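So the chains spell out like this:
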Amino acid sequence: MGETLLDVKALSCPLPVLRANRALRGMQPGERLRVLATDRASIADFQAFCRETGHALIAFSEEGGVFSFVIRRRPEPAPDQPAPAPG
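Residue positions are counted from 1 within each chain, in the order its sequence is given. Given that the model is predicted, a residue must reach a pLDDT of at least 70 before its local features are reported, and side-chain atom pairs must reach 80 or more before they are shown or counted; all residues, however, enter totals for whole chains, interfaces and linings. In computing side-chain properties, one takes all heavy atoms of the structure into account and sets aside hydrogens as well as water.

Chemist: Explain the nonpolar core to me, please; I cannot follow it from the model alone.
Modeler: Across soluble globular proteins, nonpolar side chains show a tendency to be buried alongside one another. In this description, a nonpolar core means a group of buried Ala, Val, Leu, Ile, Met, Phe, Trp, Tyr and Cys residues linked to one another through side-chain atoms lying within 4.5 Å. Note on exposure labels: buried denotes an accessible area under 20% of the residue type's maximum, exposed denotes more than 50%, and partly exposed covers the range between, all computed with a 1.4 Å probe on protein chains only. Among the nonpolar cores identified, the biggest contains 15 residues, and Leu 33, Val 35 and Phe 46 are the most heavily contacted of them. For this core, the elements supplying multiple residues, two or more each, are strand E1 (3-8), helix H1 (15-25), strand E2 (32-37), helix H2 (42-53) and strand E4 (66-72). Contacts are residue-level and defined by heavy atoms, with any inter-residue pair within 4.5 Å sufficient. Sequence-distant contacts of Phe 46, that is, excluding residues within four places in its chain, are made with Pro 16, Val 17, Ala 20, Val 35, Phe 69 and Ile 71. Working definition: helices are DSSP H or I runs of at least four residues, strands are E runs of at least two. Numbering for both runs from the N terminus.

Take a look at the structure:
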């Protein structure tokens, strides 16, 4: 499975998470999205986003003021289980 890159470095909260959410909706379960952001608020935003939606935040780093988040798209719920919150 590949990794998609989403560069939202010039955007402020809540746009990085909203753009990531849109990208993840178009991806297959298990695929990875790498998000590059410069908004310091994105650290807490992506942690909360993944916790609430069921996506996995599998890596986080910061270099030169650029934050990198690697998110694995959640698996599809089983037919008899409720889906997590939209995302």
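Next comes the rest of the account.
Chemist: Got a minute to help me understand the packing of H1 against H2 in this structure?
Modeler: Where H1 contacts H2, the axes come no closer than 10 Å and their chain directions differ by 35°. Here H1 and H2 pass one another in a crossing that is right-handed. Contacts from Pro 16, Val 17, Ala 20, Asn 21 and Leu 24 in H1 reach Asp 45, Phe 46 and Phe 49 in H2. Between N-to-C directions, angles cover 0 to 180 degrees, with each direction set by a line fitted to C-alpha atoms, over the stretch in contact for helices. For a crossing to be left-handed, the near helix must be turned anticlockwise from the far one by less than a right angle; the clockwise case is right-handed.

Chemist: When you look at the pairing of E4 in this model, what are you seeing that I'm missing?
Modeler: On any regular strand, side chains alternate: one points to one face of the sheet, the next to the other face. Where burial is concerned, most of E4 is hidden: five out of the seven residues are buried. Pairing between two strands requires that DSSP report at least two bridges joining them. One ladder, built from six bridges, connects E2 with E4; its direction is antiparallel. Within E4, the residue paired with Arg 34 across the bridge is Val 70. Linking strand E3 (residues 56-63) back to E4 in an antiparallel pair, the connection comprises two residues, with Gly 64 at a positive phi of about 60°.

Chemist: Which parts of the structure should I look at to understand the pairing of E1?
Modeler: Summarising the sheet, E1 and E2 pair through six bridges and their orientation is parallel. Each bridged residue has a counterpart across the sheet, and for Glu 3 the counterpart in E2 is Arg 32. Note on handedness: a crossover is taken as right-handed if, strands pointing away from the viewer, the path from the first strand over the helix to the second is clockwise. For the handedness criterion, the β-α-β arrangement of E1, H1 and E2 is classed as right-handed.

Chemist: Is there a simple way to explain the sheet that holds E2 in this structure?
Modeler: Remark on secondary structure: sheet strands pair via backbone hydrogen bonds, oriented parallel or antiparallel. Taking strand neighbours across the sheet as the criterion, the four strands line up as E1-E2-E4-E3 in an open arrangement whose pairing is mixed. A strand with exactly one partner marks an edge of an open sheet, and here the two such strands are E1 and E3. Looking at each pair of strands side by side, their axes are set apart by 15° on average, direction ignored. Contacts between H1 and the sheet are confined to E1, E2 and E4, with E1 contributing the most and set at about 155° to the helix. Against the sheet, H2 contacts E2, E3 and E4, and its axis sits at roughly 5° relative to E4.

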